[in-house]
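Here's the letter readout for the chains.
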Amino acid sequence: MKVNGVAETFLRHGDCYLLMKRSAFKQHYPNVWAGVGGCIELEELAHPRQAALREIWEETGVCAEHIANLRLRYLHISQQDGTLIYHYVYFGQTLQTTIRQTEEGALF
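A. Structural detail: the layout of surface pockets. Space inside the largest pocket adds up to approximately 830 Å³. Forming the walls of the largest pocket are 30 residues, and the residues nearest its centre are Val6, Arg22, His28, Tyr29 and Cys39. Of all the elements in the fold, those that place two or more residues in the lining of the largest pocket are strand 1 (2–13), strand 3 (20–22), strand 4 (33–34), strand 5 (36–39), helix 1 (48–60), strand 6 (67–80) and strand 7 (83–94). Here the lining of the largest pocket gets five residues from one element, more than from any other, and that element is strand 1. Forming the boundary of the second largest pocket are Leu11, Arg12, His13, Cys16, Tyr17, Leu18, Val62, Thr94, Gln96, Thr97, Ile99 and Phe108. Mapped onto the lining of the second largest pocket, the elements with two or more residues apiece are strand 1 and strand 2 (16–18).

What counts as what
Residues numbered from 1 in each chain as written. Predicted model: local features only at pLDDT ≥ 70, side-chain atom pairs only at ≥ 80, totals over all residues. Heavy atoms only, no water. 1 Å grid on protein atoms, 1.4 Å probe; cavity = no way out; pocket = protein on both sides within 12 Å on 5 of 7 lines; lining within 4 Å. Points joined across faces, edges and corners; volume = space filled by probe spheres on them. Helix = DSSP H or I, 4+ residues; strand = E, 2+ residues; numbered from the N terminus.

Structure representation (structure tokens):
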């Protein structure tokens, strides 16, 4: 059986959460509102928190030094087409309000 991982993070600044509306061209869940995240690389499978930090940087420009209290809150395990999928959901805080937009989706 194949194993895949996904790391998703919900960053809070004050009373607001950073969300992404995924692009229409995305293969999985196009036009869906989600946290910031993506697939865990093969070498990151044993370190999903590092994958979450990498995805945050790639999709928002927020670096690890500007993130506080990043904690795993949920782990969802599912099976799809013979692949076991580990979906790690993190929550954290940031003081950074400047974010960069990418082709992954629109950040709000």
